[in-house]
Amino acid sequence: MRQAVRLALRARGRTSPNPLVGCVIVREGRVLATGWHKQAGGDHGEVAALRKLGMRAPRATVYVTLEPHNFHGRTPPCTDRLIEAKVARVVVGMKDPNARVDGGGIKQLRRAGIEVTVGVLEAECRAINRPYVKWTAQKRPFVTLKAAVTLDGRLAARGGDARWVSGELSRIEAHRMRDVADAILVGANTVRLDNPALTTRLASGRGRDPKRVILDGRLTVPPEAKALPGALVITTRDSDPARARRLEKRGAEIVRLPGRRGQVDLTALLDELGRRDILTLLVEGGGQVHGEFLAAGLADELALFVAPKLIGAGGVPLIGVEGPAKMADAWRLSAVSTKRLGDDILVVGDVLRSD
Ligand SMILES: NC(=O)c1ccc[n+]([C@@H]2O[C@H](COP(=O)([O-])OP(=O)(O)OC[C@H]3O[C@@H](n4cnc5c(N)ncnc54)[C@H](OP(=O)(O)O)[C@@H]3O)[C@@H](O)[C@H]2O)c1
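No experiment lies behind these values; they were computed from the predicted model shown. (Residues numbered from 1 in each chain as written. Predicted model: local features only at pLDDT ≥ 70, side-chain atom pairs only at ≥ 80, totals over all residues.)

Check the secondary structure of the protein and you find 11 helices and 18 strands. Over its C-alpha trace the protein gives a radius of gyration of 23 Å, about what one expects of a compact globule, namely 20 Å for 355 residues. Projected onto its principal axes, the C-alpha positions of the protein cover 70 × 45 × 45 Å. Intrachain contacts of the protein at a sequence separation of at least 6 include 68% that bridge at least 24 residues. (Helix = DSSP H or I, 4+ residues; strand = E, 2+ residues; numbered from the N terminus. Rg over C-alpha atoms; globule rule 2.2 N^0.38 Å. Contact = placed C-beta atoms within 7 Å.)

Below, the structure is given as structure tokens:
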């Protein structure tokens with residue numbers, strides 16, 4: 001199963017709205033074939049592995065990270081293919097939370113006389129599919145707030161200069177994060193001040209650009225902004241139509257959502273992105289946007305590149321909204337991990353909900 005998890009991860013960022021699935025087929029202690037789900041619409045993990053065996057695997061044991069599906073979707077049911085292949089046993093990492101499966105695949109296999117074991121390395125299998133699990137339940141993307149900060153928690157110097165806060169290794173890692181995100185979001189000020197391209201630039205040249213999303217309540221980003229072509233510009237229902245047309249001419253799609261006082265309601269934004277099959281959203285700032293996501297309880301994870309620098313008062317704060325009055329009410333992280341990247345430290349943790 002550990003190998004199946006590793007295989008599944010090869011397709012990170014490529015399968016939405018589908019889950020990551022890896023599969024290893026074994027007989028008498030020998031691996032016969034492996035496979036993984038490479039992209040939505042393509043073979044599921046089990047079928048990718050079975051295909052290498054001519055769709056026949058009599059008496060074999062199939063290790064698969066997620067319950068095989070039993071309905072006709074974009075591809076025929078994997079359960080039917082396993083039954084036809086005459087496998088003896090299926091070991092499942094986790095049940096598929098999709099209401100159309102939800103244990104039905106396991107039941108069908110058992111009815112066909114196949115031995116099924118469920119919950120092997122379940123925590124690992126669940127961990128690789130957190131965005132899928134969240135989207136399946138809430139139809140909203142998994143939200144990661146990502147930023148580079150100085151030791152005193154600043155995103156940029158006084159006046160907004162942020163090139164660069166972190167070191168080269170951190171910036172390479174940040175592009176890896178973009179490569180596996182379905183969408184990336186920034187606030188209008190970041191576009192105005194930094195004019196970022198918001199593309200994925202990996203040394204291999206094989207990076208995939210996430211969908212660009214710009215939060216711009218008053219439509220003030222300049223039409224020549226590098227990030228605009230192909231971007232979603234999220235604005236309120238009453239923002240200026242003439243400005244909207246100028247941005248549309250540059251290839252942006254204007255999305256008007258409900259909100260108040262020029263501020264789009266972020267839950268409506270996540271619902272909209274979920275409808276567009278976006279399972280992972282990387283929020284790249286700036287401070288006001290990070291603060292709004294935290295304050296609204298809509299951030300799932302924080303990834304902070306901390307650089308050994310100090311910029312002092314006047315620098316742009318990581319969290320640009322007022323915080324709680326008591327330390328006891330601070331926003332907290334759990335399941336924290338750290339990684340050294342040159343002189344920087346990457347801190348990643350789950351944002352704990354206050355409710
Ligand atoms: N170190 C890093 O990792 C990093 C990353 C990103 C940015 N930065 C730095 O951060 C600074 C910018 O941060 P910032 O806090 O000033 O601004 P920001 O968060 O980038 O953008 C704030 C603006 O976004 C729009 N916006 C925010 N929430 C909205 C909502 N709910 N609905 C509609 N529009 C919304 C508003 O535009 P309107 O007021 O026009 O409506 C708001 O003024 C820059 O200096 C940049 O260099 C650093």
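Don't stop here, the text continues.
Spatially, nine strands are ordered β11-β10-β9-β8-β14-β6-β15-β18-β17 in an open sheet, and the strand pairing comes out mixed. At either end of the open sheet lies a strand with only one pairing partner, and these are β11 (253-257) and β17 (333-341). Each strand axis lies, on average, 25° off the axis of its neighbour in the sheet, ignoring direction. Helix α7 (residues 168-179) contacts β6 (142-150), β8 (183-187), β14 (280-283), β15 (301-307), β17 and β18 (344-351) of the sheet and is inclined by roughly 35° relative to β18. (Pairing = 2+ DSSP bridges. Axes fitted to C-alpha atoms, helices over the stretch in contact; angles between N-to-C directions.)

Within the secondary structure layout, Val 306 lies in strand β15. Linking Val 306 and Ala 148, residues 158 residues apart in sequence, is a C-alpha distance of 6.0 Å. Beyond its immediate sequence surroundings of up to four residues, Val 306 is in contact with Val 149, Leu 151, Asp 344, Ile 345 and Val 347.

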